[in-house]
Amino acid sequence: MADVGTGAPVVDCEIRDGVGWLTINRPKKINALSSTVVRELTGHVRDMQTDDGVKVIVLRGAGANFSVGYDIAEEVEVGLARPEDWHGALSNNVGLSMAVWASQKPTIAAVDGWCLAGACELAMACDMIVATDRAQFGEPEIRFGSGPVTLLMPFVLGQKKTMELLLTGDTIGAAEAECLGMINRVVAPDALEATVDQLARKIALTPLITLRLTKIALTRAYEAMGLRNAVNVNLDLAATLNAAQAPEKTEFVTLVREQGLRKALDYRDSRYGALT
């Protein structure tokens, strides 16, 4: 489906040499994950599960950023209020991340620039992450009264750093993310596509049945640790959290409606000031 503002497709899909490249194509919106993007990405990922011509799936963003996460302006415009309304909307978002997580084809996130909130979750749902040295990761949504939707970070980073990041809303650079085991490697921006392409092609040399059964085994191992149950429980809590009222959240939403998202984000960030 095309973007309303540009007429270009919101998700580009290209298959070359056994690798499916899915590109979030909303660079003017910093590749925000609108409901249309979520729906189309989910569909492409699921379609690739049955396409034997695809052995590896790559997710990336157009331009100089991966994505800033779910489209806040769209959520405010829709006017979700009740927990049950939020639960339905958030289920679609979780559905995308878990479709990537449970993919029987290996998945790689190619990350440049911002990788925040729901986009950070989407990247963590991938089996591997290759990032540029200017990439930034985090889930700052707690700062305006929201929270993680797909609770993957505890399984990726462990308890202490997850607590710090999810309770402060801080972001971390690619070098720190690599040290923490969040990402696989850091490269220069102009080397990102070639590095990911080489990695994907190397994986694609493995027989498809081997890749599929190995992915199933690894997915089941993490789910035996409680990953899927934690995600499902968090979805229920996230619906309640997003419907909860707080003065800071009310001010944020009012600013989005009356003055635009940029003003709301400036208000959010100004509250943290020198502590950021």
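Predicted model only: the values in this text are computed from it and were never measured.

1. Some words on the overall build of the protein chain
- The secondary structure content of the protein chain amounts to 12 helices and 9 strands.
- A compact globule built from 276 residues should have a C-alpha radius of gyration of about 19 Å, and the protein chain, at 18 Å, falls within 12% of that.
- The principal-axis extents of the C-alpha atoms in the protein chain amount to approximately 55 × 45 × 35 Å.
- A buried classification covers 49% of the 276 residues belonging to the protein chain.
- Here the analysis covers contacts within the protein chain between residues at least 6 apart in sequence; of these, 71% occur between residues at least 24 apart.
- Accessible surface, the protein chain as shown: approximately 12700 Å² in total, 56% of it carbon and sulfur.

2. Here we look at the nonpolar core
- If you look at the biggest cluster of nonpolar residues, it comprises 55 residues, and the most contacted ones within it are Val111, Phe137 and Met182.
- Grouped together as the second largest cluster of nonpolar side chains are 16 residues, Val19, Trp21, Val187 and Ala204 included.

3. Points about helix α4 (residues 117-125)
- Judged by how many residues are buried, α4 sits mostly within the fold: 9 of 9 residues are covered.
- For α4, every residue scored as buried is listed here: Ala117, Gly118, Ala119, Cys120, Glu121, Leu122, Ala123, Met124 and Ala125.

4. A short note on the side chain of Ser34
- Counting through the fold element by element, Ser34 comes out in the loop between β2 (19-24) and α1 (35-49).
- A relative accessible area of 6% means that Ser34 is categorised as buried.
- Filtering out sequence-adjacent residues up to four positions away, Ser34 remains in contact with Arg26, Asp71 and Glu74.

5. Some thoughts on the sheet that holds strand β6 (residues 128-132)
- Spatial strand order, β1-β2-β3-β4-β6-β9: 6 strands in an open sheet with mixed pairing. Each having just a single partner strand, β1 (11-16) and β9 (185-187) make up the two edges of the open sheet. This sheet shows a mean twist of 20 degrees between the axes of neighbouring strands, independent of strand direction.
- Taken together, the 6 bridges between β1 and β2 define a ladder with antiparallel strand orientation. Of the residues in β2, the one forming a bridge with Ile15 is Gly20.
- This element, helix α8 (residues 192-204), spans β1, β2, β3 (56-61), β4 (107-111), β6 and β9 of the sheet and lies at about 160 degrees to β6.

6. Details of the pattern of salt bridges
- According to the stated counting rule, one finds 17 salt bridges in the structure shown.
- Notably, a salt bridge pairs Asp85 with Arg82, separated by 2.9 Å at the nearest N-O pair.
- Since its relative accessible area comes to 28%, Asp85 is described here as partly exposed.
- For Arg82, a relative accessible area of 46% translates into the label partly exposed.
- When the shortest N-O distance is used, the salt bridge between Asp266 and Arg262 registers 3.1 Å. Taken together, the positions of Asp266 and Arg262, both in helix α12 (residues 261-270) and 4 residues apart, correspond to about one turn of that helix.

Rules of the game
- Residues numbered from 1 in each chain as written.
- Predicted model: local features only at pLDDT ≥ 70, side-chain atom pairs only at ≥ 80, totals over all residues.
- Heavy atoms only, no water.
- Helix = DSSP H or I, 4+ residues; strand = E, 2+ residues; numbered from the N terminus.
- Rg over C-alpha atoms; globule rule 2.2 N^0.38 Å.
- Buried < 20%, exposed > 50% of the residue type's maximum accessible area, 1.4 Å probe, protein only.
- Contact = heavy atoms within 4.5 Å.
- Areas by Shrake-Rupley, 256 points an atom, 1.4 Å probe, with all protein chains shown as cover.
- Core = buried A, V, L, I, M, F, W, Y, C linked by side-chain atoms within 4.5 Å.
- Pairing = 2+ DSSP bridges.
- Axes fitted to C-alpha atoms, helices over the stretch in contact; angles between N-to-C directions.
- Salt bridge = Lys/Arg side-chain N within 4 Å of Asp/Glu carboxyl O.

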